[in-house]
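Each chain, written out:
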Amino acid sequence: MATAKTRPLITSATLELGIDRDDAEAFQSQIARQVRELVLSGRLKPGVKLPSSRALSEQLGVARATVVDAYEQLLGEGYLETRLGSGTTVAAELPEALLSTGKGKSTTTASAPRQKREPARPFRAGLVDWEHFPHDDWGRILGRYWRNPPITLLEHNDPFGWLPLRKAIATHLFDWRGIACDAEQVIMTAGGSDAFDLVRRAVFQPGDQLWLEDPGYPTARRVFGLAGIKVEAVAIDSEGLMVNEASQRFPKARGAFVTPARQYPTGVTMPLSRRLELLAWAKQANAIIIEDDYDSEYRYVGRPLPALMSLDRDARVIYSGTFSKVFSPIIRLGFIVVPKRLIDVFRHERTTFGAPPSLLVQPALAQFMEDGQFAVHIRRMRRLYSARRDCLIKALSPGAPSLFQLDAPPSGLQLLLRFPPSADDEVLHRALLEEGIETQPLSEHYAGRTREKGLLLSFAGFREEDLEKAAARLLAVLRSRAGAARG
């Protein structure tokens, strides 16, 4: 008999489902678990039709979205299938691994066990938090498209990428970065290197000069330096790339590569006055600006700053973004946004010479963004990373300013320890490696002879307790070396 605690349903297969409202297990998981057990036990046979999500939600007394989520989870796991006009049914062909569990046995969790990973050593660059990644939600959406891809995906031939994803990116950029663009301007790439290579081939000619920040992004320097492009190192100050100095030294430059939201690797933010100065130069010089916006969503004070492209009124900026920092480096997806006047040039270049990135995850990512889960994930990670940043700053503070100057910009996923010119950051880097600590020497990011010394510490992929322990070991090494130098 139904009670307030348990709401059973007798299905067409005379099988009972129920919701236990005193159980800490989420309603969605309860429904999915019970259906899964019925399938594995053989009481729900292949091809049996399940109640509609509306009917089941009414009879169980839960929201329809709860039932939809449970069904989608089971669809992704392969227990159910859906066909137009047939509703949702038990999968006709269950995977061998599921049937081998034996009649009457059940699975107790909604997600498969995950392999234990070898922990990375703080403060390794390029890592994001993996424990709080929405594995189940992402896997369910990805599984849905993998098992039953729409015909439009199978026939896809747009070299710019999956249109719904490009639309979702355009919406995200307007909401988060103030960029008003159309989906036709968005081009999917296989990450930063692919994006830079595409821009180089579409925009520049052998012999062209390109300004690049010094210190700057080594990958950009390498890719843009191919095929006879002259990459010119331009010093930065507290406001980013020094436009006036660059225009005097390299007046015939055809472009500039900048990271205005958070200069890589120093973390300096380019203010409005410098941004307008850069845009004015590009208009006067008939040049192109490549804006690399690699992790601007992670700003811990106020909203993310508007992108440089949002200020562009003369179609001079190409915007480059990536999902490696804000979502996952595993999917190997990025994108660029190009001015409308350059769409045909890029389409010809992509169609003729470049291979577009895999479509495997693009529909799933589009759905993830359209459903609002992408924005939720960013906000969740921003809170987490903010706490880890604060933890690391506190743990390192006993060493400042006697051992180093601590640069902690209000954004990004790494901190910078600056040392005096007499220090050798590469030697310090190697000494810390022996203690199980990974860093990046600041001097390695310079192209010119003048090189400041420092160490970059990434914190996103590490728990607070691990950051505290690593910071203590780092301080011990630096104190030991400072004492030996004085002795």
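Residues numbered from 1 in each chain as written. Predicted model: local features only at pLDDT ≥ 70, side-chain atom pairs only at ≥ 80, totals over all residues. Heavy atoms only, no water.

**Student:** Break down the environment of proline 357 for me, with residues and values.
**Tutor:** One can find proline 357 in the loop between α12 (343–352) and α13 (362–370). Taking the C-alpha atoms as reference points, proline 357 and glycine 161, 196 residues apart in sequence, are found 7.5 Å from one another. (Helix = DSSP H or I, 4+ residues; strand = E, 2+ residues; numbered from the N terminus.)

**Student:** Residues and numbers for helix α2 (residues 53–60), please.
**Tutor:** Listed as buried for α2 are Ser53, Leu56, Ser57 and Leu60. Projection of α2 onto a plane perpendicular to its axis shows the buried side chains occupying an angular sector of 100 degrees, all on one side. Immediately beyond the C-terminal end of α2, within one or two residues, lies glycine 61, with a positive phi of roughly 75 degrees. (Buried < 20%, exposed > 50% of the residue type's maximum accessible area, 1.4 Å probe, protein only. Arc of directions from axis to C-beta.)

**Student:** Could you give an account of the nonpolar core, naming the residues involved and the relevant values?
**Tutor:** Ranked by size, the top nonpolar core spans 86 residues in total, and within it Trp211, Leu278, Phe323, Tyr385 and Leu474 carry the most contacts. A total of 9 residues in this core trace back to one element, the largest contributor, which is helix α14 (residues 373–396). Setting aside residues up to four positions removed in sequence, leucine 474 forms contacts with Phe123, Leu396, Leu417, Leu432, Ile437 and Leu457. Grouped together as the second largest cluster of nonpolar side chains are 24 residues, Ala195, Phe196, Ile290 and Ile318 included. (Core = buried A, V, L, I, M, F, W, Y, C linked by side-chain atoms within 4.5 Å. Contact = heavy atoms within 4.5 Å.)

**Student:** Would you mind going over unusual backbone geometry in detail, with residue names and values included?
**Tutor:** With an omega dihedral of 10 degrees, the bond running from aspartate 214 to proline 215 counts as a cis peptide bond. With respect to the helices, strands and loops of the structure, proline 215 is situated in the loop between β6 (209–214) and α9 (218–224). A cis geometry characterises the amide bond from tyrosine 264 onward to proline 265, with omega recorded as 15 degrees. As for its position among the elements, proline 265 is in the loop between β9 (255–258) and α11 (272–285). Of note, alanine 227 is a non-glycine position whose phi angle comes to about 60 degrees, a positive value.

**Student:** Help me get a handle on the sheet that holds strand β16 (residues 453–458), residues and values and all.
**Tutor:** With antiparallel pairing, the 4 strands of this open sheet are ordered in space as β13-β14-β16-β15. The outermost strands of the open sheet, each flanked by one partner alone, are β13 (405–407) and β15 (440–441). Bridge count for strand β14 (residues 414–419) against β16 is 6 bridges, and the pairing is antiparallel. Its bridge partner lying in β16, leucine 415 is registered against leucine 457. With respect to the sheet, helix α15 (residues 425–433) is in contact with β14, β15 and β16, its orientation differing from that of β16 by roughly 40 degrees. (Pairing = 2+ DSSP bridges. Axes fitted to C-alpha atoms, helices over the stretch in contact; angles between N-to-C directions.)

**Student:** Give a detailed account of the pattern of salt bridges, specifying residues and quantitative values.
**Tutor:** The full count for this structure, using the stated rule, is 24 salt bridges. Across the pair arginine 347 and aspartate 158 runs a salt bridge whose closest N-O atoms are separated by 3.3 Å. With a gap of 189 residues between them, arginine 347 in helix α12 and aspartate 158 in the loop between α6 (151–154) and α7 (163–177) connect regions that are remote in the sequence. For arginine 347, a relative accessible area of 29% corresponds to the partly exposed category. Across the pair aspartate 182 and lysine 340 runs a salt bridge, and its minimum N-O distance is 2.7 Å. Here lysine 340 lies in the loop between β12 (334–337) and α12 and aspartate 182 lies in the loop between α7 and β5 (186–189), a separation of 158 residues in the sequence. A relative accessible area of 34% places aspartate 182 in the partly exposed class. If you follow the salt bridges from partner to partner, you end up with Asp197, Arg200, Arg201 and Glu349 in one network. (Salt bridge = Lys/Arg side-chain N within 4 Å of Asp/Glu carboxyl O.)

**Student:** Describe the packing of aromatic side chains, with residues and values.
**Tutor:** A complete count under the given rule lists 19 aromatic pairs for this structure. Ring centres of tryptophan 138 and phenylalanine 327 lie 5.1 Å apart, and the angle between their planes is 75 degrees; this geometry places the pair in the edge-to-face category. In this pair, tryptophan 138 sits in helix α5 (residues 135–147) while phenylalanine 327 sits in the loop between β11 (317–322) and β12, placing the two residues 189 residues apart along the sequence. Assessed through its relative accessible area of 9%, tryptophan 138 is described here as buried. (Phe/Tyr/Trp six-rings, centres within 6.5 Å; stacked < 30°, edge-to-face > 60°.)

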